[in-house]
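# Results of the structural survey
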Amino acid sequence: MGRNIAGAVDRGAVDRRSGPNSGYRSLESSRYVCDRSSQVNGDTVVSAGVLRRIYLLTWGLSVAKYKLVGVSGDQKFDMPSDRTAIVGRAVTCDLPIYDPTVSRRHAELVLGDGGISVKDLGSSNGTFVNGVKISETIATDGDVVTFGKVAFNLSELAPPVAAPQPDFAARPPEPAATIVRKVEVGPSGELEAVASARPSGSSLLKVQAETETERKEKKLRLLLDISKELSKAQDVDKLLAKVVDITFQVMSVDRVAIQMQDEASGELVPRISKNRLGDSSSRSHVPRSIANRAVEERLAILTDNAAMDERFKGKSILMQSVRSAMCVPLMGSEGKVLGIIYVDNLTATNSFGDEDLDFLIAFSGIAAVAIENGQLTNRLQREAVVLSNFQRYFAPDLVAQIADHQEAVQLGGTKRPVVVFFSDIRGFTSMSENMNPDDIATLLTEYFTEMVAIVFEFGGTLDKFMGDAMMALWGAPLSVEDDCDRAMGAAVKMFEALEELNAKWVEEGRPVVEIGIGINFGEVFAGNIGSDQRMEYTVIGDSVNVASRLCSKAEPGEILISEPFYAALQSAPEVDALDPIELKGKAEAVPVYRVKR
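Cut-offs used in this document
- Residues numbered from 1 in each chain as written.
- Predicted model: local features only at pLDDT ≥ 70, side-chain atom pairs only at ≥ 80, totals over all residues.
- Heavy atoms only, no water.
- Helix = DSSP H or I, 4+ residues; strand = E, 2+ residues; numbered from the N terminus.
- Buried < 20%, exposed > 50% of the residue type's maximum accessible area, 1.4 Å probe, protein only.
- Contact = heavy atoms within 4.5 Å.
- Pairing = 2+ DSSP bridges.
- Axes fitted to C-alpha atoms, helices over the stretch in contact; angles between N-to-C directions.
- Salt bridge = Lys/Arg side-chain N within 4 Å of Asp/Glu carboxyl O.
- Expected span 1.5 Å × (residues − 1).
- Arc of directions from axis to C-beta.

To continue, consider the overall build of the chain. Scanning the chain from terminus to terminus reveals 13 helices and 28 strands. Sorting the 597 residues of the chain into buried and exposed places 43% on the buried side. Long-range pairs, those at least 24 residues apart, make up 59% of the contacts in the chain between residues at least 6 apart in sequence.

Spatial ordering of the open sheet is given by β5-β4-β14-β13-β10-β11, a layout of six strands whose pairing is antiparallel. The sheet is open, and its two edges are formed by β5 (76–78) and β11 (132–134), each paired on a single side. The sheet shows a mean angle of 30° between the axes of neighbouring strands, direction not considered. One ladder, built from four bridges, connects strand β13 (residues 144–147) with strand β14 (residues 150–156); its direction is antiparallel. Residue pairing across strands places Val-145 opposite Phe-152, the latter belonging to β14.

This part takes up the pattern of salt bridges. All told, the structure shown has 23 salt bridges when counted by the stated rule. Close ionic contact of Asp-424 with Arg-426 constitutes a salt bridge, the shortest N to O distance being 2.6 Å. Residue Glu-446 pairs with Lys-504 through a salt bridge whose shortest N-O separation is 3.6 Å. Placement of the pair is Glu-446 in helix α10 (residues 437–457) and Lys-504 in helix α11 (residues 483–507), with a sequence separation of 58 residues.

Moving on to the pairing of strand β28 (residues 590–595). Regular strands place their side chains on alternate faces of the sheet. Two strands pair when backbone bridges link them, and strand β26 (residues 559–562) and β28 are joined in this way by three bridges, in the antiparallel orientation. Bridge pairing links Leu-560 to Arg-594 in β28. Sheet topology note: the strand β27 (residues 575–581)/β28 ladder contains five bridges and is antiparallel. Within β28, the residue paired with Ile-581 across the bridge is Val-590.

Taken in spatial order, the five strands line up as β7-β6-β8-β9-β12 in an open sheet, and their pairing is mixed. With one partner strand each, in any of the chains shown, β7 (95–96) and β12 (136–139) form the two edges of the open sheet. Direction of pairing for strand β6 (residues 85–88) relative to β7: parallel, over a ladder of two bridges. Bridge assignment links Gly-88 to a residue of β7, and that residue is Pro-96.

Now for helix α12 (residues 542–553). For α12, with twelve residues, the first-to-last C-alpha span of 17 Å sits near the 16 Å given by 1.5 Å per residue. Within α12, burial applies to Ser-543, Val-544, Val-546, Ala-547, Leu-550 and Cys-551. Take α12 and look down its axis: the buried residues cluster within an arc of 160°, on one side only.

Next comes the structure, spelled out in structure tokens:
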């Protein structure tokens, strides 16, 4: 019936069991530790003990002397000794703190001899050491450093205890040593040079050599060049195509196919399939019985005569005229099966040998690492799109939630009830006529920094800036039960923050600012509008127009709210009912309430 070989890809010590029809091979990933080895003439020999001592010394020098630990225990930060560390809300900071009371670049930390130098970078809510607001000071062991409203305990780490030094004079030389050898590096991208035009011997691997040693060296060179080639591709689809092309380049096979495991269903999904003539019309020629067993049992399978193999009785084997075949699971990190790579021969039985299966197992391991890295790259690129489009508009914790879900960055949207919030600076046009451009930009930056922080503090979404006006949302893209109350709280807090800003600007001899606010609640279309390269999350609908017109009707210092918004409040503030307002596009006047402050 022919020889049937199955090799388990569960990575362990080599285990072979012979039988009439099958053998099993288990390949366990090992960690190579050159702690003891024989001395070789012509090689440089370094004591393993010396290497260990060098490593420990380097480790000891790099350990941070101080650590910041959040009082809630959710953040820890080792202070680097070789550079300045920036604390802030931006993801690019060395110590990112996703809290609305923390500025994007909040403070600067520098390790010194007497402790950590803490310098505030003009943050909105200040930096404190032991409850005292500082501009720059030295913090030491036991101090409490607070950025905005987020506190950290500063602790000094004990220096590592030096290991006792052995007495080399009192002990004989170590019989074991580490071999250090110069590696000859040839030019990369030489698959064609290593892979010959046709296989030699009983193997279908395209490697020709005069001796067994030379053959092993060429196979290792081949695997190294394959690894370099696959590292150049980051897109997963292009990577899979390159894996198939390389397989034809190094092995004499009729067909190659790759199937990937769907994360949701666990089913194998055909991704690419080609024959040696380049035809990719048949994408499902992999016998299901072989593929399923390779995945379920994590076996590297070689069958010399699939039609007669009692283990694989599927109709697809007969329909596809499969004679000899090999199938190996693509094993990712932590034992996760990514998919399978399958090769077969349609013309002859007993085509593949033990050497072919060994090589395909090694090749599949390299391919799996490249595929997993490609998937990670794709995910990071997708998250970068989310961050670039949404970080300016959503609170940091909401951005993180969106980045974890791919569907959050798709075009389109849904209809949903949303709180629409508008605020506008009153008389800004006339005020700006007497200001130079730099002063206008500075004032608006300070004003919007405070207002946006309040929107994020109350769980809202920044929709857009429109000159000196701002539009915010509650209830999109995620909603909570008290969205209306949060929006109301944000409106009141904005006036409190504005009073503080105006007091500061008066002291600096700068003009004061007055605002009006309009809030409505109703159904809108909410979603991402734009192109694949540029999207903006926004809302469209009549409820948006009503909120905008309420804002335009509000006098300086007023908050005008609609009747639907007032009815949805769980804790309604005191209000004055105003005469219904005629709004453009509305057949009937709209009931309006003014919030008492």
